[in-house]
There are 2 protein chains.
Amino acid sequence: MPAYRAPVADTLFVLNDVLKYERYNNLPGFADATPDIVEAVLQEGARLAEEVFFPINQTGDQEGCTRHEDGSVATPKGFREAFEQYKEGGWMGLGFDPDYGGQGLPYALHSAVGEYFSSANMAFAMYFGLTQGAMAAIHVHGSDEQKQAYLPKMVEGTWTGTMNLTEPHCGTDLGLLRTKAVPQGDGSYRISGQKIFISAGEHDLSENIIHLVLARIEGAPEGTKGISLFIVPKFVLNADGTPGDRNGVMCGSLEEKMGIHGNSTCVMNYDDATGYLIGEENKGLKAMFTMMNEARLGVGLQGLSISEVAYQNAVDYAKDRLQGRALTGPAAPDKKADPIIVHPDVRRNLMTIRAFNEAGRAFLLWAALKSDVAHRSDDAGERELSDEMTGLLTPVIKGVLTDKGFDHAVMAQQVYGGHGYIEEWGMSQYVRDARIAMIYEGANGIQALDLVGRKLPANGGRAVQACFKEVGEFCEDNRSDEAMTFFTKHLKKGLNDLQAATMWFVQNAMAKPDNAGAGSYDYMHLFGLVTLGYMWALQAKAAQAKLAAGEGDKQFMEAKLATARYFMERIMPETAAHLARISSGADSMMALSAEAF
Amino acid sequence: MPAYRAPVADTLFVLNDVLKYERYNNLPGFADATPDIVEAVLQEGARLAEEVFFPINQTGDQEGCTRHEDGSVATPKGFREAFEQYKEGGWMGLGFDPDYGGQGLPYALHSAVGEYFSSANMAFAMYFGLTQGAMAAIHVHGSDEQKQAYLPKMVEGTWTGTMNLTEPHCGTDLGLLRTKAVPQGDGSYRISGQKIFISAGEHDLSENIIHLVLARIEGAPEGTKGISLFIVPKFVLNADGTPGDRNGVMCGSLEEKMGIHGNSTCVMNYDDATGYLIGEENKGLKAMFTMMNEARLGVGLQGLSISEVAYQNAVDYAKDRLQGRALTGPAAPDKKADPIIVHPDVRRNLMTIRAFNEAGRAFLLWAALKSDVAHRSDDAGERELSDEMTGLLTPVIKGVLTDKGFDHAVMAQQVYGGHGYIEEWGMSQYVRDARIAMIYEGANGIQALDLVGRKLPANGGRAVQACFKEVGEFCEDNRSDEAMTFFTKHLKKGLNDLQAATMWFVQNAMAKPDNAGAGSYDYMHLFGLVTLGYMWALQAKAAQAKLAAGEGDKQFMEAKLATARYFMERIMPETAAHLARISSGADSMMALSAEAF
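(A) Main features of the overall build of chain A. Across its full length, chain A carries 18 helices and 11 strands. At 24 Å, chain A has a C-alpha radius of gyration in line with the 25 Å of a compact globule built from 597 residues. If one aligns the C-alpha atoms of chain A with their principal axes, the spans along those axes are about 80 × 60 × 60 Å. For chain A, the share of sequence-separated contacts (at least 6 apart) that also reach a separation of at least 24 residues comes to 74%. Element-wise, carbon and sulfur atoms account for 50% of the exposed surface of chain A, whose accessible area totals about 20700 Å². Across chain A, the 54 positively charged side chains and the 76 negatively charged ones have centroids separated by 5 Å.

(B) Local environment of the pattern of salt bridges. Taken as a whole and judged by the stated rule, the model has 74 salt bridges over all chains. We note a salt bridge from Glu51(A) to Arg47(A), for which the minimum N-O separation is 3.5 Å. Pair noted here: Glu51(A) and Arg47(A) are both in helix α2 (residues 35-53), with a separation of four residues, about one helical turn. Classification of Arg47(A) by relative accessible area gives partly exposed; the value is 30%. The shortest N-O distance in the salt bridge between Lys560(B) and Asp10(B) comes to 2.6 Å. Placement of the pair is Lys560(B) in helix α16 (residues 554-571) and Asp10(B) in helix α1 (residues 8-18), with a sequence separation of 550 residues. The class of Asp10(B) is buried, set by a relative accessible area of 6%. Each member of the salt-bridge network shares a partner with another, and the members are Asp10(A), Glu115(A), Glu308(A), Arg354(A), Glu358(A), Arg361(A) and Lys560(A).

(C) Representation of the interface of chain A and chain B in the model. Contacts between the two partners involve 89 residues from chain A, matched on the other side by 89 residues from chain B. Together chain A and chain B conceal approximately 7700 Å² of surface at their shared face, both sides included; 60% is due to carbon and sulfur atoms. Residues Asp522(B) and Arg570(A) are paired through a salt bridge, measuring 3.6 Å at the closest nitrogen-oxygen approach. Joining chain A to chain B, the criterion identifies 45 residue pairs in polar contact (both at pLDDT 80 or more). Here the side of chain A that touches chain B takes eight residues from helix α16 (residues 554-571) of chain A, the largest share from any one element. Classifying every residue of the side of chain A that touches chain B gives 42 nonpolar, 23 polar and 24 charged.

(D) Highlighting the relation of the copies chain A and chain B. Each copy of the sequence occupies a distinct position, and chain A is placed on chain B by a rotation of 180 degrees and an axial shift of 0.0 Å, giving an RMSD of 0.0 Å. Both copies of the chain, as the preceding transformation shows, are related through a two-fold rotation axis. A share of 100% of interface residues in chain A that are also interface residues in chain B marks the association as one of identical surfaces.

(E) Region of the structure containing unusual backbone geometry. Not every positive phi belongs to a glycine, and Asp272(A) is a case in point at roughly 50 degrees. Relative to the helices and strands, Asp272(A) is located in strand β11 (residues 265-278). A positive phi is found at Lys20(B), a non-glycine position, where the angle reads about 45 degrees. Taking relative accessible area as the criterion, Lys20(B) reaches 43% and is therefore assigned partly exposed.

(F) Summary view of the pairing of strand β11 (residues 265-278) of chain B. All names here are of chain B. Burial runs high along β11: 10 of the 14 residues are buried. Examined bridge by bridge, strand β5 (residues 188-199) and β11 share nine bridges and lie antiparallel to one another. Bridging across to β11, Gly193 finds its partner in Tyr270. Taken together, the three bridges between strand β7 (residues 228-233) and β11 define a ladder with antiparallel strand orientation. Within the sheet, the bridge partner assigned to Leu229 lies in β11 and is Ile278. The sheet contact formed by strand β10 (residues 249-254) and β11 spans five bridges and is antiparallel. Bridged to Val249 within β11 is Tyr270.

(G) Seen up close, the state of the cysteines. All names here are of chain A. Taken as a whole and judged by the stated rule, the model has zero disulfides over all chains. No disulfide involves Cys170; its nearest neighbouring cysteine sulfur is the one of Cys266, lying 18 Å away. The thiol sulfur of Cys266 is not disulfide-bonded, and the nearest other cysteine sulfur, from Cys251, lies at 3.6 Å.

(H) Molecular detail of the confidence of the model for chain A. With 100% of its residues at a pLDDT of 70 or more, chain A has an overall mean of 96. Scoring the predicted complex yields pTM 0.98 and, for the interface, ipTM 0.97.

(I) Spotlight on the side chain of Gln323(B). Relative to the assigned elements, Gln323(B) resides in the loop between α8 (284-320) and α9 (344-376). For Gln323(B), the side chain forms a polar contact with the main-chain nitrogen of Thr172(A), separated by 3.2 Å.

Parameters and conventions
- Residues numbered from 1 in each chain as written.
- Chains lettered and ligands numbered in written order.
- Predicted model: local features only at pLDDT ≥ 70, side-chain atom pairs only at ≥ 80, totals over all residues.
- Heavy atoms only, no water.
- Helix = DSSP H or I, 4+ residues; strand = E, 2+ residues; numbered from the N terminus.
- Rg over C-alpha atoms; globule rule 2.2 N^0.38 Å.
- Contact = heavy atoms within 4.5 Å.
- Areas by Shrake-Rupley, 256 points an atom, 1.4 Å probe, with all protein chains shown as cover.
- Lys, Arg positive; Asp, Glu negative; His and termini not counted.
- Charge placed at Lys NZ, Arg CZ, Asp CG, Glu CD.
- Salt bridge = Lys/Arg side-chain N within 4 Å of Asp/Glu carboxyl O.
- Buried < 20%, exposed > 50% of the residue type's maximum accessible area, 1.4 Å probe, protein only.
- Buried area = accessible area lost by both parts, 1.4 Å probe.
- Polar contact = N/O pair within 3.5 Å; in protein donor to acceptor, adjacent residues only side chain to side chain.
- Nonpolar A, V, L, I, M, F, W, Y, C, P; charged D, E, K, R; others polar.
- Least-squares fit on C-alpha atoms with pLDDT ≥ 70 in both.
- Pairing = 2+ DSSP bridges.
- Disulfide = S-S within 2.5 Å.
- pLDDT = per-residue confidence, 0-100.

Spelled out as structure tokens, the structure:
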């Protein structure tokens, strides 16, 4: 019963009219991404999402994965066939280095279709999403030999990848991890230990699974300084590069989870498994962060994806379900009742989600373009600043887009009334699936700490100043544009609150670090609001230009302006409460002793 | 692995020290509720909740209910035995009319133990909660004969009850309902139709199930003015009052739900079932509201209940789980890491939930005492005003306590990191169970409309003015108390925002009803914040008095003051955003045509 339609027109508006994507065509790969190619890729991605991935979303949730006695894991019905289509379409390497078989297209385009894939089937999309994270780590940190050995098959989708970080006693604090690596004298290691919550740890979609595993080499220092990263293939490669002997790594059990049932979340047991060091000894955490940063953007994307598909279904239901009459008089007098979309409080839910989705999409693509610049520009200074800005935006995207994505799945479910609570209608799955995105790849509280403790002060606050400058200049530049006053006024107010909060940290968190910790979560959301508000101001500007030029779909552009107004009036005012909370500091939060709880 | 400890000490503080419960001992039933009796009832309720109901909560979720081919439904393992203990303890009639076997104790006391029962096992507690709703309706609207026939057995718990409102095509808009009642000439009716989402519709806990069913008598007017309420017993009573022939009402299927798996949510098929009119013909909706009001307070209680049990488990986990080091330096230097309760962002989650739970408990008991006055005072004027105030507070309690209860279950789950997503740890169940409370007994958007559209303007706003007066006078009376300045300052600011929002409706909603609808949800939450803030100010005052007198547990009282400060600094500032949203009106919310979505 649920439905999904990939929002291709909106993606194109954001890329072409808002972010003016063609500005970047001096970057490698961008010249190939002509407007025609971009539209064709989006259309084909949309087709795959709608026709292949989405129809197995609800059945995948109901059926889940099955572990057999031999430790093998079967994915739900239809997943193998869908994965074949993904492989055959060359999607795995869409944005990847052509030297290893990728197409080298922009990461922004990869992200744009990635949204569709996760909207259609989040649990399924994780199988390739994690592979791409592993590919990125091998690409950056692997030796030439390792890259040649693993990347082409992964780019093909013939092999998949995983990330093995968490152990039963440690998740956030990886310094505590115990998995051991014993050198064998031949350059390889024997890896032993247990990893938990390993997404796609074992399944039947690929011929080999390339596990990236954090472990401690015998005799290494304690804590995070003694952690190394290893490649542990499910099948150790033969001399000719083909998968050979079964390695000592097994799925011990599948976790019973709240959602993403279609993805196999495994307890992985390593028992003298053959592994190969990737990157430098004891520098595993740094190498792992290459995976994590990409993965965090991908998780932020999941928040948007679920928010979008939940929204679409809530809209369909609200247009279809007849209950009550509009406060302004019957809207459908020929029917026994009006469709519930006439009721302001139903609109409140729909408009709130819509205002987030359309700005969240722009936010992600804006950050993805900065990431493209960081990786592809020929100007070292530009690369560096873009990399820092991507780093700054990553925890905001991960934390805010997943928190809001979940909230919006709940809101969309609410539009269904009692039917929202019944599994058959599909809304419960969106809520249950969206919930994990707030937790994995660094729980959102950790994102907030990363933002405030690490990204904000980095290089004297250069990245955050660059962000403030961009937003501030936009407000300044549009001061004389009367049609923009409404938007820049609200945006400037939000920016002021954000700058005041930043200043508060500067003045109050050095001497008392708990003040930073106590305000970090509110700061992350305050930052998110201002960024989303900026995206709305940019969209309003673009829509006004299109309307003035008589270009584009008039109803689409007018809806943009109405939604932008809604965001400014209804959502931006939250910045003040965040600032008030941040400025209250840590005292009342930390007043109770642990025993008093 | 989850745990539950009924917060008896806090309940006693609220009843004795904050609300000064003994003030009411002129009311019938209150004189029996001496401090000793109250404490004994709470302790025994706590024991039942902790030792009998809680141990079958997680297993009940996992096992769920089973419908057999003959339409009978089995509850999960242990539910029958637990229900026997509930019956034997006389809990069903704790607050009920002694003329029918009840104990006549205050509704406030009934609510206080009700919190424990729903914390321990929400799905289980619904079996008796719905029975009590049905008892209330029969008590108010039934004939003497009906009361004598059904109430004593229900008060014993030998028979249970249900509410049958929803049909596949109508929930909120009951005017659309189609279930038919055909008079038989002997005073009885034949009832035919289908009802859905019927909690406890069929089960194995009682000897008879007394269904209260909304139906339309043949030839009755269309819409809500043609609806009557019927008693339809599962077994029609014999002349001697014992259950006789099986009636034409069957459970057609069980719904597959997101949560409350231990409760049987049934599709009920009525096929020429024998029913008896209760109350007046075509006045069924009014009679049904007697059930609904009590049920709505009970659902608000569920929000608090889940928030409390989720909080307790998050606290236990936060004290136990070792990850990272305090920002201020190692708190447990002898261990490899500190317990995560040292981290400010973990505290933020815990303190936010705690600040809600302790105020929510006071709010519920404050409203329950008003309900007791409304039902038991010998002063007609006092009865009337208290009834109006209870009516005003009911949608706030239902809407705000369930929204926040769910949010807090999610927050508590977040404290667990990845383990929160795994069913084994129990936190997912709290989230899944809490979700329904925002939906049933009138979705929260309907509560907001009830508040703004019906309760607020009733009798020229008499009830709301009485509320504002009570809070305003408290602030005024404590102006000279320096220790209270911090609290009254924040409370007064919130009250000002609430009064400004009320005035905005007066000025802007008459001519344009959509302005009321567009602001209703924010108004409900704004009202909730001010009420909860008032509860904190009252608690701070009481704690200061106890500390000054050297009475009570010093750590407990100091924690009260710290939590009160947290609420004022961190949660009250949200009132401004609600006011800003309300004042923005309906324009941007309603700007899009339905087709533009």
